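# Architecture at a glance
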Amino acid sequence: MTYFIWAIIVNVTLSLIGLVYRLVKGPSVPDRVIALDSIGVSIISLVGLFSIFIKTSFYLDIILLLAILSFIGTVAFSKFIEKGEIIERDNSR
């Protein structure tokens, strides 16, 4: 089972390298946002695999925190792409 987990960790790490390349060289901004979201999911999976490898449930709280931050970041970037600003301010006063 240990070799299987290590093989998955290596595969996820290799995919992270490809995603970082896509984040830097992405042809468009939406490609970069998708790469950033995928990096978040990959980091979550690496933390989960590490938690399985050392046989503890301590890192499950970290996984939840990373998932929430990744979601908020993806929504913020998507809103920025759509409207050009993240926080709308009403200056009509």
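Here the residue index of a chain counts from 1 through its sequence in written order. Only residues with pLDDT of at least 70 get local features here, since the model is predicted, and only at 80 or more are side-chain atom pairs given and counted; chain-wide, interface and lining totals rely on the full set of residues. The basis for every side-chain value is the complete set of heavy atoms in the structure, and neither hydrogens nor water enter the calculation.

In the annotation of an unreviewed UniProt entry, the entry for the chain reads Cation:proton antiporter, and the organism field reads Viridibacillus arvi. UniProt positions are given in the numbering used here, feature names are shortened, and annotations may be inferred rather than shown by experiment. What the UniProt record of the chain gives under Subcellular location (unreviewed entry) is the line "Cell membrane". A UniProt comment under Sequence similarities (unreviewed entry) is attached to the chain, and it reads "Belongs to the CPA3 antiporters (TC 2.A.63) subunit F family."

A few words on the confidence of the model for the chain. When pLDDT is averaged across the chain, the result is 87; 95% of the residues are at 70 or more. The pLDDT value tells you how sure the predictor is about a given residue, anywhere from 0 up to 100. Helix numbers and strand numbers start at the N terminus; a helix is a DSSP run of H or I with at least 4 residues, a strand a run of E with at least 2. No element of the chain has a lower mean pLDDT than helix 3 (residues 60-83), which averages 87, and none a higher one than helix 1 (residues 2-25), which averages 93.

So, on to the UniProt feature "transmembrane region" (unreviewed entry) in the chain. The sites that UniProt annotates as "transmembrane region" (unreviewed entry) are residues 6-24, 33-54 and 60-81. Secondary structure content for residues 60-81 is 100% helix and 0% strand, and the end C-alpha separation is 32 Å.

Here is the rule: rings of Phe, Tyr and Trp (six-membered ring for Trp) pair when centre to centre is within 6.5 Å. Planes less than 30 degrees apart are stacked, more than 60 are edge-to-face, and the remainder are tilted. In this structure the tally under the stated criterion is three aromatic pairs. With a centroid separation of 5.5 Å and 65° between ring planes, the pair formed by F50 and Y59 is classed as edge-to-face. Between the aromatic rings of F58 and Y59, the centroid separation amounts to 5.4 Å while the plane-to-plane angle is 75°, which identifies the pairing as edge-to-face. When a residue's accessible area, from a 1.4 Å probe over protein chains only, is under 20% of the maximum for its type it is buried; when over 50% it is exposed; and in between it is partly exposed. For F58, a relative accessible area of 56% puts it in the exposed group. Residue classification places Y59 among the partly exposed residues on the basis of a relative accessible area of 22%. What links up through ring pairs into an aromatic cluster is the set F50, F58 and Y59.

This brings us to a nonpolar patch on the surface. A contiguous nonpolar surface patch, about 500 Å² in accessible area, is contributed by L64, I68, F71, I72 and V75. By secondary structure assignment, the location of I72 is in helix 3. The patches described consist of residues with a relative accessible area above 30% and no salt bridge, like charges being joined within 9 Å and nonpolar side chains (Val, Leu, Ile, Met, Phe, Trp, Tyr) within 5 Å. Accessible surface area values rest on a Shrake-Rupley calculation with a 1.4 Å probe, where residue burial reflects the displayed protein chains alone. For this analysis, a salt bridge means a side-chain nitrogen from Lys or Arg found within 4 Å of a carboxyl oxygen belonging to Asp or Glu.

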